[in-house]
Amino acid sequence: MFSMKFISVILFNLFVTITLSAQSNANEWPLFRGKADLTGKIESELPALPRLLWSVKTGGITKSSPVISMGTVYFGNDKGTLIAAGTDGKIKWKYESGASIDAAPMVFGNKVIFGASDGILRAVDKISGKLIWSYTTDNQIAGSANVWVAGNKSGIVAGSYDYFLHCVDPETGKSLWKIETENYINGTPAILNGKIVFGGCDGMIRVVDPLTGKQKDTVDIGVYIASSPALSGDMAYFGDYDGTKYCVNIKTKKIVWKIPGSAESGSILAIPAVGNNSVVIGSEDKFLYCYNSSDGKLKWKYRINGRITGSAVISSTKVLFAGMDGNIYILGLADGKKLWSFNAGTPISSSPAVIKGNFYVLTEDGRLLSFGEK
């Protein structure tokens, strides 16, 4: 006879798997990095000869990244405007929050959910842009929200500068639980296999049970973690504020490999792209690095003329990323050789959103660029 606890575990893993599979739809990019594990790995291939299809000005400076759901692109700007644009480049609606939106929103069900510098997590209707609910933290929200699903239960998780990771009900916006850390939480929590994993400015990687909000494990890194981990199996890949890159086994709490930054290294603000035995991550030192995921050996590195603060997207053969030098690049995943580039003419600090046959990039001057094959 199976126990209720055993059945609950099976249901939890099943529904998390179903959720991640749904997010892997080639025509959907509903949250930052495309999937809840934050790996930035796509199953489809990037366009062979992408061309700029259209560009739309949005009237504000933005560091937000776009997300895509059902033919609509959503993103925010420093004026506090959440924008919904069709994949034809026409603006559908705008919602004015009154506070800077620095991170990518996320789409879950009929809602677009986003945090802002006023510390409020908001949900608006994805069709009309009307406010559905709001949840207030005690300081700014700098990272994107993420979602877990277990049976008929689900939760939206987001970190705040109030030192807490918050979990709220996606239907009502009411608090389900919150867990306290010892400093700011900048990044987006990653979710995989029934675990929430996140870092913060207290230098800790924390593993949390989504259903209970109880902290299960911690790994002391000792240096600010300004970004987010990417999860693959039991491994968490991330960088710290000193430019060091890590692979940590969250099951054993052991550091599998660690690559210190050089004296010239800047901070790691990007999230690694993980797949095909590769870990691809950009740095403020102007290099994009590719490491062997199992042992951390350098495969190649590619230098651009500006810092890299956004995160790359990888397919089975290619790498897509943008830099503060104003260029968008596609490299070969195997050798790091440039296959294509486009000069947007202004710095890009955000990460691309990719659907089958197309990708979208936001420039810091607030233009949404659409690329594909004509």
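Below: a short report on this structure. None of these values were measured; they are calculated from a predicted model. (Residues numbered from 1 in each chain as written. Predicted model: local features only at pLDDT ≥ 70, side-chain atom pairs only at ≥ 80, totals over all residues. Heavy atoms only, no water.)

## Section: the overall build of the protein chain
Right, so step 1: On a plain count of helices and strands, the protein chain comes out with 1 helix and 32 strands.
Right, so step 2: The C-alpha atoms of the protein chain give 19 Å as radius of gyration, which agrees with the globular expectation for 374 residues (21 Å, within 12%).
Right, so step 3: Considered along the principal axes of its C-alpha atoms, the protein chain spans approximately 60 × 50 × 40 Å.
Right, so step 4: Out of the 374 residues belonging to the protein chain, those deemed buried represent 63%. (Helix = DSSP H or I, 4+ residues; strand = E, 2+ residues; numbered from the N terminus. Rg over C-alpha atoms; globule rule 2.2 N^0.38 Å. Buried < 20%, exposed > 50% of the residue type's maximum accessible area, 1.4 Å probe, protein only.)

## Focus: the environment of Val-73
Right, so step 1: Mapped onto the elements of the fold, Val-73 is located in strand S3 (residues 72-76).
Right, so step 2: When its relative accessible area of 0% is taken as the criterion, Val-73 is described as buried.
Right, so step 3: As for Val-73 and Ala-99, which are separated by 26 residues in sequence, their C-alpha atoms are 20 Å apart.

## A short note on the packing of aromatic side chains
Right, so step 1: Enumeration according to the criterion identifies 17 aromatic pairs in this entry.
Right, so step 2: Centre to centre, the rings of Tyr-224 and Tyr-241 are 6.0 Å apart; their planes meet at 55°, and the pair counts as tilted. With Tyr-224 in the loop between strand S17 (215-220) and strand S18 (230-232) and Tyr-241 in the loop between strand S19 (235-239) and strand S20 (245-249), this residue pair connects regions lying 17 residues apart in the sequence.
Right, so step 3: Relative to Phe-359, the ring of Trp-340 has its centre 5.9 Å away and its plane inclined at 80°; by these criteria the two rings are edge-to-face. (Phe/Tyr/Trp six-rings, centres within 6.5 Å; stacked < 30°, edge-to-face > 60°.)

## Here we look at the environment of Ala-273
Right, so step 1: As for its placement among the helices and strands, Ala-273 is situated in strand S22 (residues 273-275).
Right, so step 2: Put simply, Ala-273 and Leu-333 are 60 residues apart on the chain and 11 Å apart in space, counted from C-alpha to C-alpha.
Right, so step 3: Excluding residues that lie within four positions of it along the chain, Ala-273 makes contacts with Arg-33, Thr-39, Ser-278, Val-279, Val-280, Ala-312 and Ile-314. (Contact = heavy atoms within 4.5 Å.)

## A few points about the pattern of salt bridges
Right, so step 1: Enumeration over the complete set of coordinates arrives at 7 salt bridges.
Right, so step 2: Its salt-bridge partner being Asp-118, residue Arg-122 comes within 2.7 Å of it at the nearest N-O pair.
Right, so step 3: You can call Arg-122 buried: its relative accessible area is 7%.
Right, so step 4: The exposure class of Asp-118 is partly exposed, given its relative accessible area of 31%.
Right, so step 5: Here Asp-217 ties to Lys-253 by a salt bridge, and the two come within 3.6 Å at their closest N and O atoms. Here Asp-217, found in strand S17, pairs with Lys-253, found in the loop between S20 and strand S21 (254-259); they are 36 residues apart in sequence, far enough to count as distant.
Right, so step 6: Here Asp-217 falls in the partly exposed class, since its relative accessible area comes to 25%. (Salt bridge = Lys/Arg side-chain N within 4 Å of Asp/Glu carboxyl O.)

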